[in-house]
Amino acid sequence: MKALLASISILFAFISGGNAIECEVCSGQASTDCSGELVTCDQTVESCQTAITDMTFEGLDPMYVVSKNCSDVGAKNILYRLAAKDVFYQQRVEVCQTNGCNKGPLQFPPKNTTLNGVKCPTCVVDGELSCETTEVLECVGEMTNCLYFAATFRNAAAPPMQAAYRGCTNAKFAEQVLISPAYTVQDVVTLIVSKGV
């Protein structure tokens, strides 16, 4: 009887272990792709995800971040874009539900550069928690709202840094604004999504 129970327990463990999804896990900053090992995710995880970020300052090469991993519970596909004075930022998150489905590159869809009639105040300020301006940015594509964001950031052992910016965004409300990487944000002072002028 003990042998039978042990066999059933082993079989159950094998079956339940076989249901866990396997995802590629890696991160990098050289491009929007990386490669790593397939890892068996926790039993509560049902999907894999890839997240890519592109930040471009006018006149400089783009800065990329990519991360592939087992997804968070409730993760969903996201495309977030922000344009401010001399800065363009975009982040895409793609979730999939089969073993190894996050292997391979993820690309950003082409940026729509057609003026949409929305105008937003725009500024980018380091070292302060406010960003007042009379400059206006003409928004393009799906970026039909304005964003005003100010926060204190902390990265590793460096002293905290304050920054504020205003510009155009495709976020419809504050909860859709992606702050990445989230661990660097110490204190959000202002986060307002509003209609354009």
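Each chain carries its own residue numbering, running from 1 in the written order of its sequence. Where local features are concerned, this predicted model is filtered to residues with pLDDT of at least 70; where side-chain atom pairs are given and counted, the filter is 80 or more; whole-chain, interface and lining totals use all residues. Excluded from the side-chain calculation are hydrogens and water; included are all heavy atoms of the structure.

## Side note on the overall build of the protein chain
For step 1, the next point in the chain: By definition, any uninterrupted DSSP run of H or I lasting at least four residues is a helix, any uninterrupted run of E lasting at least two residues is a strand, and each is numbered from the N terminus. For the protein chain, the helix and strand inventory stands at one helix and twelve strands.
For step 2, the next point in the chain: Any residue under 20% of the maximum accessible area for its type is buried, any over 50% is exposed, and the rest in between are partly exposed; the area is computed with a 1.4 Å probe on protein chains only. Out of the 197 residues in the protein chain, the part that is buried amounts to 35%.

## What about the pattern of salt bridges?
For step 1, the next point in the chain: Salt bridges are defined by distance alone: a side-chain nitrogen of Lys or Arg within 4 Å of a carboxyl oxygen of Asp or Glu. According to the stated counting rule, one finds seven salt bridges in the structure shown.
For step 2, the next point in the chain: Residue E24 pairs with K68 through a salt bridge whose shortest N-O separation is 3.1 Å. One end of the pair, E24, is in strand β1 (residues 22–28); the other, K68, is in strand β4 (residues 63–70), and 44 residues separate them in sequence. Of the two residues, E24 and K68, both sit in the buried class.
For step 3, the next point in the chain: Among the ionic pairs, K103 bridges to E24, the shortest N-O distance being 3.5 Å.

## Section: the packing of aromatic side chains
For step 1, the next point in the chain: Aromatic rings from Phe, Tyr and Trp, with only the six-membered ring used for Trp, were paired whenever their centres fell within 6.5 Å, and each pair was classed as stacked if the ring planes differed by under 30 degrees, edge-to-face if by over 60, and tilted otherwise. Enumeration according to the criterion identifies three aromatic pairs in this entry.
For step 2, the next point in the chain: Through a chain of ring-to-ring contacts, three or more aromatic side chains come together here, namely F149, F153 and Y165.
For step 3, the next point in the chain: In this scheme, the term charge over a ring applies when either NZ of a lysine or CZ of an arginine sits within 6 Å of the ring centre and within 35 degrees of the ring normal. Positioned above the aromatic ring of F88, the side-chain terminus of K111 is 4.1 Å from the ring centre.
For step 4, the next point in the chain: In this structure, R166 packs its charged tip against the face of Y148, placed 3.6 Å from the ring centre.

## Observations regarding the pairing of strand β11 (residues 161–169)
For step 1, the next point in the chain: Criterion used throughout: strands pair if DSSP finds at least two bridges between them. As paired strands, strand β5 (residues 78–84) and β11 are joined by three bridges and run antiparallel to one another. Bridging from a neighbouring strand, L82 pairs with T169 of β11.
For step 2, the next point in the chain: Pairing geometry for strand β8 (residues 123–126) and β11, over four bridges, is antiparallel. Paired with V125 across the bridge in β11 is A164.

## A few points about the state of the cysteines
For step 1, the next point in the chain: Criterion for a disulfide: a pair of cysteine sulfur atoms within 2.5 Å. Scanning all chains against the criterion turns up seven disulfides.
For step 2, the next point in the chain: Covalently, C120 is tied to C146 through a disulfide, its sulfur atoms 2.0 Å apart. Between C120 and C146 the sulfur-sulfur dihedral comes to about -90°; the bridge is accordingly left-handed. With a gap of 26 residues between them, C120 in strand β7 (residues 115–121) and C146 in strand β10 (residues 145–153) connect regions that are remote in the sequence. Considered together, C120 and C146 belong to a single accessibility category, that of buried residues.
For step 3, the next point in the chain: In this model C123 forms its disulfide with C131; the gap between the sulfur atoms is 1.8 Å.

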